[in-house]
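Residue-level listing of the chains:
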Amino acid sequence: MIDKQPIVRFTDVSVTFGFFEALKHVDLSFYRGEILAVVGDNGAGKSTLLKVLAGLYQPDSAGGIEHNGIPCTINGIQDSRALGIASVFQDQEFCDNLDVTANLFLGHEKRDDFRRLDVHTMEDEARRVLAQVSSPIGLRKPISTLTKGQSQMLSIARTLLDDPEMILLDEPTASLSVMQTAEVLSYIKKLRSNGKSIVFICNTLPDVFAISDRIVVLRHGRINGMHQTHDTSYEQIIAEIAGVDNAAGVLSTLHNGRKGVDNTGAGTLPTQRFDDQKRLIDRQDSPATESTYMQKGGTIKDADNAM
Ligand SMILES: Nc1ncnc2c1ncn2[C@@H]1O[C@H](COP(=O)(O)OP(=O)(O)OP(=O)(O)O)[C@@H](O)[C@H]1O
Ligand SMILES: [Mg+2]
């Protein structure tokens, strides 16, 4: 259920690097219980938008940011955390030689009164956050044994330690397999059902259409389209990403075999891929994960994955 009062509202937000405007006059609101997908071509300003929310970039002076209706500035990660905004940027680093719990608390370890590591408290907390993304990962498993999907989930779970209201995800499914993607998308849906606001950069349109509530299209730093997901189509979104009135030309180029360039899903049977992705995510919504799915019918065995 989407709240009418936004958690965060951008008004006329622009970001300039030297003479280059990476974001131009962006008006955008972010709501609780909503998955907002941000799409756009390379260099469209998607990561810049997220970095403004995360406090890594500041808008030019004309722009304003409100949090729960109150004007604010976000001058760094500490500020965004204090506002309940957590971010997962691409290529999060983990320590391969440490287990799941140790990686979740890396740099924020809990200690008892004698400054010893408080493993019990950390494991209790780890269980709590992993339950929010419904993952049956063993807490003491070495991180090196996790699948890519599980590692991505762990990056997301790590943000939940601060109990944020809003979670920013920069291409969380990039470079994941179909099953891993379905697993991560199901975690994201679970976060929405826990009332979080999710801002999710993704250029794989089947993934965007499978889980988002709203889609914003950026082009050359401007908002070139904003839609409720159920009110729009692949063709419309592709046209807005490409900056054309009609996506037919773009689609036919994709259909004509620019293999490896099309990550929109539009070049290859969009409806079919959308339905397939939805089916996979629905299957992931039952407690099954990539690993349990593989145990049931697949080829990869990961039998000791469950807690
Ligand atoms: N720190 C920076 N200094 C100078 N230019 C920057 C900086 N960060 C981003 N840009 C430029 O701003 C534009 C938008 O970058 P941004 O990273 O937001 O794009 P994006 O939509 O996330 O693209 P991609 O899909 O490639 O990740 C790009 O032209 C980029 O080169
Ligand atoms: Mg980016």
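Check the entry above for the structure.
Residues numbered from 1 in each chain as written. Chains lettered and ligands numbered in written order. Predicted model: local features only at pLDDT ≥ 70, side-chain atom pairs only at ≥ 80, totals over all residues.

## Description of the pairing of strand 6 (residues 85-88)
So, step 1. Along strand 6, one buried face is formed by Ile 85 and Ser 87 and the opposite face, lined by Ala 86 and Val 88, is buried too.
So, step 2. Sheet topology places strand 6 next to strand 7 (residues 166-170); four bridges connect them, and they run parallel. Residue pairing across strands places Ser 87 opposite Leu 168, the latter belonging to strand 7. (Buried ≥ 20, exposed ≤ 12 C-beta atoms within 10 Å, placed from the backbone. Helix = DSSP H or I, 4+ residues; strand = E, 2+ residues; numbered from the N terminus. Pairing = 2+ DSSP bridges.)

## Describing helix 4 (residues 119-132)
So, step 1. When the terminal C-alpha atoms of helix 4 are compared, their 20 Å separation across 14 residues agrees well with the 20 Å that a helix rising 1.5 Å per residue should span.
So, step 2. Buried residues along helix 4 sit in contact with helix 3 (100-104) and helix 5 (148-159). (Expected span 1.5 Å × (residues − 1). Contact = placed C-beta atoms within 7 Å.)

## Focus: the sheet that holds strand 2 (residues 20-30)
So, step 1. In spatial order, the strands read 2-1-4-5; together these four strands make up an open sheet with antiparallel pairing. Among the strands making up the open sheet, the edge pair consists of strand 2 and strand 5 (70-72). Pairs of neighbouring strands in the sheet enclose a mean axial angle of 30 degrees, with direction left out of account. (Axes fitted to C-alpha atoms, helices over the stretch in contact; angles between N-to-C directions.)

## Focus on unusual backbone geometry
Trans is the common state for peptide bonds, and a negative phi is the common state for residues other than glycine.
So, step 1. Residues other than glycine seldom take positive phi values, yet Asn 68 does so here, at roughly 50 degrees.
So, step 2. Relative to the helices and strands, Asn 68 is located in the loop between strand 4 (64-67) and strand 5.
So, step 3. Although it is not a glycine, Asp 163 adopts a positive phi angle of roughly 50 degrees.
So, step 4. On the secondary structure map, Asp 163 appears in the loop between helix 5 and strand 7.
So, step 5. For Asp 163, a count of 12 C-beta atoms within 10 Å gives the class exposed.

## Points about the packing of helix 5 against helix 6 (residues 178-193)
So, step 1. Their axes nearest at 8 Å, the elements helix 5 and helix 6 cross at an angle of 20 degrees. Compared by their axis directions, helix 5 and helix 6 come out roughly parallel. Along this stretch, helix 5 crosses helix 6, giving a crossing that reads as right-handed. The segment helix 5 lies against helix 6, with Lys 148, Gly 149, Gln 152, Met 153 and Ile 156 engaging Gln 180, Glu 183, Val 184 and Tyr 187.
So, step 2. Taken together, the residues that form the contact of helix 5 with helix 6 break down as four nonpolar, three polar and two charged. (Parallel < 35°, antiparallel > 145°, perpendicular 65-115°, else oblique. Left-handed = near helix turned anticlockwise from the far one by under 90°. Nonpolar A, V, L, I, M, F, W, Y, C, P; charged D, E, K, R; others polar.)

## Concerning helix 5
So, step 1. Given a rise of 1.5 Å per residue, twelve residues ought to cover 16 Å, and the 17 Å separating the end C-alpha atoms of helix 5 matches this to within 8%.
So, step 2. In terms of residue burial, helix 5 counts as a mostly covered element, since ten of its twelve residues are buried.
So, step 3. Along helix 5, the residues that are buried comprise Gly 149, Gln 150, Gln 152, Met 153, Leu 154, Ser 155, Ile 156, Ala 157, Arg 158 and Thr 159.

Geometric values such as these leave the question of function open.
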